[in-house]
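Overview (structure and organization)
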Amino acid sequence: MIARTLTLALLFIALLVLAIGMTSASAAAQDDTGPGTPSDFASRVDLATLGRIAVHGEGRLKSFGSHANAMMDVVSGPRKIAGQEPAFTYLDMMLRPDAYVDADVIYVKNRAVREDIAVALEAAAARRPAMGADLSERLAAFGETGLLSPRLLRDPVLQPVYRALEADLIKTAKQIDAIKSALAVMDARFLLSRLRIVPPSGGDFDRPWHRIDEVMFVPGAVAEPSSFVLLAERTAGVPDIDQTVQATIADAWRQLVHSWTAGDADGVNAAASTLSAALPTVAPSIYPDQNRLGWEQWYFAKDQLTRTWLIYMASVIFLLLSLVYRWRPALWTGIGVFTIAFAFHTFALLLRWYISGRWPNSNMFEAVTTSAWFGGCGAVIIELLVRRTPMRGLFFLGSAATSMVALMSAHFLPVYLNPNIGNMMPVLHDVWLYIHTNVIIFSYVLIFMAAVSAACYLVWRATVGGPAHARAGGAGALLLANVDARARTGGGVVNRLAAVSIGEVLDGVTMVLMELSFVMLWAGIVMGAIWADHSWGRPWGWDPKEVFALNTFVIFLMLVHVRLKVVDKGLWTAILAVIGAGVMLFNWIVINFVITGLHSYA
Amino acid sequence: MPLQPSARDHDSALALYLLLMSDTSPTPALVRTPARGPARLLLDLFSSVPFGISLMALLFVYMSLGSAGVLYWTSDGWTHAQMRQWRPFELTEFEWFHWWPFDLLLLLLATNLAITTVRRIPFKPVNFGVWTIHSGILILLAGSWIYFGTKVEGDALVARRRLVAEVLTTAPNGTTTVAHRSEVVVSPGQKLSIGDGDRRYQLEVQSIDPEWSMQSDEFKGTLAYAVNVLVRRDAPDSTSFMRQLLAGHPEHTEDVIFSGDAAQPMKRAKKELGTAIIDPALRLSLTYEPQQWFYLRTELSKCWALYVRDAKKNGLNENPWVERTITGLPLYNDYIGDRSLVFQDPSEQPLPLDPIDVTVNATDPANDPFPDLAFRVTGFLRYATMRSRFVPGSAQSPLNPVARMLVTGPDGQRGSYQLVALDPRSNKADEGVLQFRYVANEAAFAALTRKPTLRFVIPSLGIDVREPISSVALSNRDVPFKPLPVPAATPDAATKGYAYRVITMQDDLAFASGASSVAVVEITTPTGAYRRWVFADPALTRDVTEELLKDPRAPKVIGDPSIDVIYEPGHGLALVCLVAGPQPEQLRLISAIADEPTVSDVSLNKPITLLGGLSAAVTEYEPRAVAELKPFVVPRQQRERDAGTQFAHILLEVPGVGAQWVKFHSYVFDEPSDVLRRFPFDPSTVRLADGREVEVLFSRQRLSLPSPVALDSFELTTHIGGYTGETGSIRDYTSLVRFDADGTWSEQTPVSMNKPVEYGGLSYFQSQWDPPDQARFEGDRASLGLNYTVLGVANRHGVWVMLFGCCVAVAGMIYAFYLKPVIKRRQREAVYASVAAAATARASSPAKVLS
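Bear in mind the structure is a predicted one, so any value in this text is a computation, not a measurement.

We now examine the overall build of chain A. Scanning chain A from N- to C-terminus turns up 24 helices and 6 strands. Looking at the 602 residues of chain A, the share that counts as buried comes to 51%. At a minimum sequence separation of 6, the contacts of chain A that also span at least 24 residues come to 78%.

To continue, consider the overall build of chain B. Looking only at helices and strands, chain B has 12 helices and 48 strands in total. Here chain B has a C-alpha radius of gyration of 40 Å; the compact-globule value for 851 residues is 29 Å, and the former is much larger. Over its C-alpha atoms, taken along the principal directions, chain B stretches across nearly 155 × 80 × 70 Å. For chain B, with 851 residues in total, the buried portion stands at 29%. Residue pairs at least 24 apart in sequence account for 59% of intrachain contacts in chain B once pairs closer than 6 positions are excluded.

Moving on, we come to the packing of helix H15 (residues 290-301) of chain A against helix H17 (residues 328-356) of chain A. Residues and elements named next belong to chain A. Two elements in contact, H15 and H17, have axes separated by 9 Å at closest approach and are oriented at 130°. Comparing the axis directions of H15 and H17 gives the class oblique. Crossing angle aside, the handedness with which H15 passes H17 is left-handed. In this structure, H15 uses Arg292, Trp295, Glu296 and Tyr299 to contact H17, whose residues at the interface are Leu351, Arg352, Tyr354 and Ile355.

The peptide bond linking B:Gly581 to B:Pro582 adopts the cis configuration, its omega dihedral lying at -5°. Mapped onto the elements, B:Pro582 comes out in the loop between strand S32 (576-580) and strand S33 (587-591). Here A:Trp542, not a glycine, exhibits a phi torsion of approximately 55°, which is positive.

Quick look at the packing of helix H6 (residues 111-127) of chain A against helix H7 (residues 135-145) of chain A now. All names here are of chain A. At a minimum axis separation of 10 Å, H6 and H7 run at an interaxial angle of 175°. When the interaxial angle is binned, H6 and H7 end up roughly antiparallel. Contacts between H6 and H7 involve Arg114, Glu115, Ala118, Leu121, Glu122 and Ala125 from the first element and Leu135, Ser136, Leu139, Phe142 and Gly143 from the second. Residue classes in the contact of H6 with H7 are distributed as 6 nonpolar, 2 polar and 3 charged.

A few words now on helix H11 (residues 799-844) of chain B. Under the 1.5 Å per step criterion, the end-to-end length of H11(B) is 65 Å for 46 residues, consistent within 8% with the ideal 68 Å. Along H11(B), the largest kink reaches about 40° and is centred on B:Leu819; proline B:Pro821 follows within four residues of it.

Before going further, it helps to examine helix H19 (residues 394-412) of chain A. Taking 1.5 Å of rise per residue, 19 residues should cover 27 Å, and H19(A) covers 27 Å from first to last C-alpha, within 8% of that figure. With 17 of 19 residues buried, H19(A) lies mostly within the body of the structure.

Attention shifts here to the sheet that holds strand S35 (residues 608-609) of chain B. Residues and elements named next belong to chain B. One open sheet accounts for 4 strands, arranged S21-S20-S36-S35; its pairing is antiparallel. Two strands in the sheet have a free side with no partner beyond their single neighbour: strand S21 (414-420) and S35. Summarising the sheet, S35 and strand S36 (residues 615-622) pair through 2 bridges and their orientation is antiparallel. Looking at the pairing, isoleucine 608 lines up with alanine 616 of S36.

Here B:Arg731 is to be found in strand S43 (residues 730-741). Sequence separation between B:Arg731 and B:Cys807 is 76 residues, and the spatial gap between their C-alpha atoms is 32 Å.

With that settled, consider the sheet that holds strand S5 (residues 176-185) of chain B. Residue and element names in this part refer to chain B. Taken in spatial order, the 3 strands line up as S5-S4-S12 in an open sheet, and their pairing is antiparallel. What marks the edges here is a single partner per strand, and that holds for S5 and strand S12 (282-287). Direction aside, neighbouring strands of the sheet carry axes that sit 25° apart on average. As paired elements, strand S4 (residues 162-170) and S5 share 9 bridges and run antiparallel to each other. The partner of leucine 163 across the bridge, within S5, is valine 184.

Taken together, the contacts link 71 residues of chain B with 67 residues of chain A. Taken together, the elements giving at least two residues each to the side of chain B that touches chain A come down to helix H1 (7-21), helix H3 (49-67), helix H4 (93-96), S43, strand S47 (762-769), strand S48 (788-794) and H11 of chain B. Residue classes in the side of chain B that touches chain A are distributed as 36 nonpolar, 21 polar and 14 charged.

A separate point is the confidence of the model for chain A. Residue and element names in this part refer to chain A. Across chain A, the average pLDDT comes to 85, with 88% of residues at or above 70. Confidence over residues 24-37 falls short of pLDDT 50; this stretch has 22 contacts with residues more than four positions distant or in other chains. Note on residues 491-498: pLDDT is under 50 here. Beyond four places in sequence and across chains, it has 13 contacts.

Residue and element names in this part refer to chain B. In this sheet, strand S42 (residues 702-718) lies alongside strand S13 (residues 291-296) in antiparallel orientation, the contact comprising 4 bridges. Counted as the bridge partner of phenylalanine 294 is leucine 703 from S42. Of the strand pairs in this sheet, S42 and S43 are connected by 9 bridges, and their pairing is antiparallel. Its bridge partner being in S43, leucine 716 is matched across the sheet by tyrosine 733.

Before going further, it helps to spend a moment on the nonpolar core. With 121 residues, the main nonpolar core has A:Val316, A:Leu397, A:Ala400, A:Ala450 and A:Trp522 as its most contacted residues. Here the element with the most residues in this core is helix H22 (residues 502-535) of chain A; it accounts for 20 residues. When sequence neighbours within four positions are dropped, the list of residues in contact with A:Ala400 reads A:Tyr312, A:Ser315, A:Val316, A:Leu319, A:Phe338 and A:Ala341. Core analysis: the next-biggest nonpolar cluster, separate from the first, contains 81 residues, B:Val231, B:Leu381, B:Leu786 and B:Leu791 among them.

Take the confidence of the model for chain B next. When pLDDT is averaged across chain B, the result is 86; 91% of the residues are at 70 or more. Overall fold confidence for the complex sits at a pTM of 0.82, while the interface term, ipTM, reaches 0.84.

Time to look at the environment of A:Trp359. Residues and elements named next belong to chain A. Along the polypeptide, tryptophan 359 turns up in the loop between H17 and helix H18 (364-385). For tryptophan 359, a count of 14 C-beta atoms within 10 Å translates into the label partly exposed. The sequence separation of tryptophan 359 and tryptophan 572 amounts to 213 residues, and the corresponding C-alpha distance is 38 Å. Contacts of tryptophan 359, omitting those with residues within four sequence positions, involve Trp353 and Tyr434.

This part takes up the pairing of strand S41 (residues 693-700) of chain B. Residues and elements named next belong to chain B. Burial analysis of S41 places 6 of its 8 residues in the buried class, the great majority of the element. In this sheet, S41 lies alongside strand S14 (residues 304-310) in antiparallel orientation, the contact comprising 7 bridges. Following the sheet pairing, tyrosine 307 is matched in S41 by leucine 697. Bridge analysis of strand S40 (residues 684-687) against S41 gives 4 bridges, and the strand direction is antiparallel.

All names here are of chain B. Within the element layout of this structure, glutamate 211 appears in strand S7 (residues 201-213). For glutamate 211, a count of 13 C-beta atoms within 10 Å gives the class partly exposed. Distance from glutamate 211 to leucine 703, taken between C-alpha atoms, is 33 Å for residues 492 residues apart in sequence.

What counts and what doesn't
- Residues numbered from 1 in each chain as written.
- Chains lettered and ligands numbered in written order.
- Predicted model: local features only at pLDDT ≥ 70, side-chain atom pairs only at ≥ 80, totals over all residues.
- Helix = DSSP H or I, 4+ residues; strand = E, 2+ residues; numbered from the N terminus.
- Buried ≥ 20, exposed ≤ 12 C-beta atoms within 10 Å, placed from the backbone.
- Contact = placed C-beta atoms within 7 Å.
- Rg over C-alpha atoms; globule rule 2.2 N^0.38 Å.
- Axes fitted to C-alpha atoms, helices over the stretch in contact; angles between N-to-C directions.
- Parallel < 35°, antiparallel > 145°, perpendicular 65-115°, else oblique.
- Left-handed = near helix turned anticlockwise from the far one by under 90°.
- Nonpolar A, V, L, I, M, F, W, Y, C, P; charged D, E, K, R; others polar.
- Expected span 1.5 Å × (residues − 1).
- Bend = angle between axes of the 7 residues up to and from the residue.
- Pairing = 2+ DSSP bridges.
- pLDDT = per-residue confidence, 0-100.
- Core = buried A, V, L, I, M, F, W, Y, C linked by C-beta atoms within 7 Å.

Have a look at this one:
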């Protein structure tokens, strides 16, 4: 009992440390510096209405909220400016550019690059005291948050620094490109030019949408703000759109600009309503569904619901309690919490599907979250099959731990798992891609879940357990357990938790998951080969991603055969299952970010 | 009545259970003879599961090393390297995975798998799964052996159209014959000369609209590939015009003329002159440009080749290229035997000396024009660009002053510039603000110290005045016109209407005939307003007209000859002018930053303070510099990631003649007229000891396609809003191709992403496209793209065998994991039932138990 408590305590502490670490990281990410805290104006602007306006770009129609998210991502990376929503910052940067000239809003990712910049600026400040009294404070903050102002980043003393860093295409050129993109994107004229919000008349699917500045000079009741001539070339409007409609749009836009610069939130909200009502009337047939845009705006405002990881974590805690103490209320609570988490997860996935109009599996963010969701589905199905065995609840545990890690990564590492929705590359439009990627990510999540139970087994072995393994590993365990147990107990009450050791149960869980992932990984690789055969001209090209998928499979081949030969089957199975998951993660992380993109050191 | 077995029965049940479990392990029933010969030992080794596991572990290590490479610690921190790219290996991924150690590993594993299965896994229902999996894997390996053993993969560049130009002559009896014929591939900016005498035409593909919406009633709205050819005839009276050709619609070919009307500069000849073709003696048409070759891919395996042909001077070379395979050449690293052969970045580690010597013999002596000539490749550079650098010449070297200047700004910013005084393209920096000149005498030096000046001469009024240029209007459209600075005695009325302003100045414009400086001046005279290019050489001065802008060779026009303007450049736009001469070693610096230019003597590395915190120093100076052309080895961190072998060079040695660097070409074109945008064509000519000349080109091996393929059309499918220049807006790329089926063209066949086409035993894939592109250098034309496609070409023998093997393995896995437990469950239930039955029997006859 003491050992068991110890095990639990260990696991619990590990989780707690992880959680605290992550929440403090989250706090750091949220308490961003910027030009002050959200003002009264910022909090009263109705971003929901503005966010629902459709913007055309990159071959997609997205909500302004999600468009702003993508654009502000180029400027401030994962940081939020002054706690403002990206949609607010976008408009504010465009309409009050002066407020941002010396605000620390541009995100520099690489710490070494931050240091080079800080050193050069510090040296320049020694010669030019006029650069600002608070400069060293700001530079210290810059070292931490990575945020610096456009004025400082444009300082001529940085030119030689940029030139030197740009010369290295492998390590630092990308960082300087990012700074230059950020400077270019936050230009008011650029931000305005990306507001393709006026649909083409007649609803022609193949014609690009018009920029608001093509319409905003059309005369109407509201006077033209003086800033307009600085922002865009004067035009007479779009020839084939009804002039009165254009005047309505232009008036609403001008009103919005006036109210914004005057800090009049009510005025902005009224203008936004008029604008969002007037725009669809230009071409109702192709204007996207208002509901969809609203949901898209909401989805991005809620951080893609990635905070669900917290619910998953609660479920992990209860399910661990149930595993260690065999405590029934903990089991049921754990399953209940898991169900809630899985419901949120499912909702987020379906919502993303609805918003993007395609099954979410075409970028890293989607692959990770969808894969974790598959794990949840797998767990639900397997749990139905094992509901009468000692293994019950453990698949939920595996899935909850996996989804927790996946959603945490999505939540805290948006730099790597970019949540913005884009179109798929043409090469990805294929039914085999759908089957292949889904099967592969399903097998990957099973591998991870197997590693969770294997890790639990190893902890158990390290603390209390002795050599133990499931007598009939894998699916056999499900089919044979009842037969053996019935024989053992004489057909009486079966599935007593006490009948077998935790080690045996955990090993059984690992084997069930391992067998399933073994078949799916193989099938997934074969399907990938079928896709590659007609897409690239060869089924197998020894591409690092392929090789490491095969390498993962080789580890499981070894696992199956080692299990045949060794005495301590449970231990070796657990070790190899963890190694297999390591190779799988290596494929997902190192191969994706380092090997195939050798020039993307971060 | 429920079954109640005794404790004893329980034990026997467990014993049975263990027995049943044991059949997943190899049967221990092998008969072992005490003395085992080596053959037997080998057989036992190959029947061993641990041996198989060891082979799998080795396979894992081998695959990881080849694919992910190695990570090791150096003084710079963790370093990642692709081991297969190291000098001893020089292997592509594909080659690493077909290298003998890998093949051997697979062979051992396959043997182990086969022998163990046969010897140690009894062929009975519970083991059918394992047998099936193992068979599937062996079938897969056999399929891979066929597939990779016969694998051929490459790409074919297919242009969309070829322009055929014919000059017709009409005999007195009315019959027309083709007097001249010439062809060029359709690509923006491609040029062609054809005909002779005053029937000599200069043609240029001015623009291409791949999606031209047709105007004629019959085809209204149909999209066609429109090629606009600028036609100029070498005759004094002829005017230029544009001929528009539409692919697939030769009957709609028509000429467009320059109208001189600013509102509509181009007008259809049909409407203006009543004839669609204004010069019927020139016949232009579009034909397919079939491709008959595909080139093997260097990414897959090294497939270098040297192409040779007899060089022909002055004219089209119609000799075919003959391919020579180069084997033994590396791929990833640089190999030289002498560091003086290349330039390197001084901050880089010097290249190791690691010479190679690869002989390139005629692969096909029957067709090779030089069957006995053996080339040698003695150097290889993976990534280099040819660069010219200046090195000090000897006392006999011609005068060529070259200096390096370091300019330091008030903020500590520094700029370093190499300036060549006698080269008008590289004697300036920072848009002409910094210049380097050579003067032959003091008078020329004195001229340089003067401000740029305009001299106005109006002979009728006896006016001849000079005025220094104080401002230019280039960036400021509001510079006012200034009246001429005339002597007070001149009557006002006479000069009324003469005013000027300077738009810009340009020093040392290079022409074919030399160089001259120019000021662009707008003048108003009593007769009107003119924009005039005022040259330092008055013979070149002319007014800017529409014709001149279209064609720089248009005849000279002076709108109002009553006034002469002459440009005296002085120091021109230069604010800082470094001057060499008249003594070659003498250097002086003219600073024109202040109102009055100042002159200082210059010595090396001594900074000269200019105005506003600026200072300048000459850090290097060589009066008789000699240019050296060598490949510059681009440092690794500056190499474009996706460049592949584009920048590879070999050092080609011709026995008894010498060596020269030859650069890599992705494709082998026959003529410059075949070259498409983005692809280089720069064959080298080698003069042999016997005076013959060989043209050589370094490229990839190529194979002929079973049927030549032509690109009929190329379509871009987009997401909502059409193609916006963002890749995210593209949904698919489709090449509509036709194959040459024994002289007739096949049906139009679409090849798009994920939808390859099989023809004549090869599969064709959509691989690259021609995106729209801005003009890339001065004189270049912008392109709307879609003028060519690159098709992947590959064979796929054995694919079905591989697929069959994989499916068999899947079936085996499902059997082993999910059917076998069912079988075992039944067996075990039967065993328990019999145990229970036996127990019941025992209970009824205890005597038997006692016996």
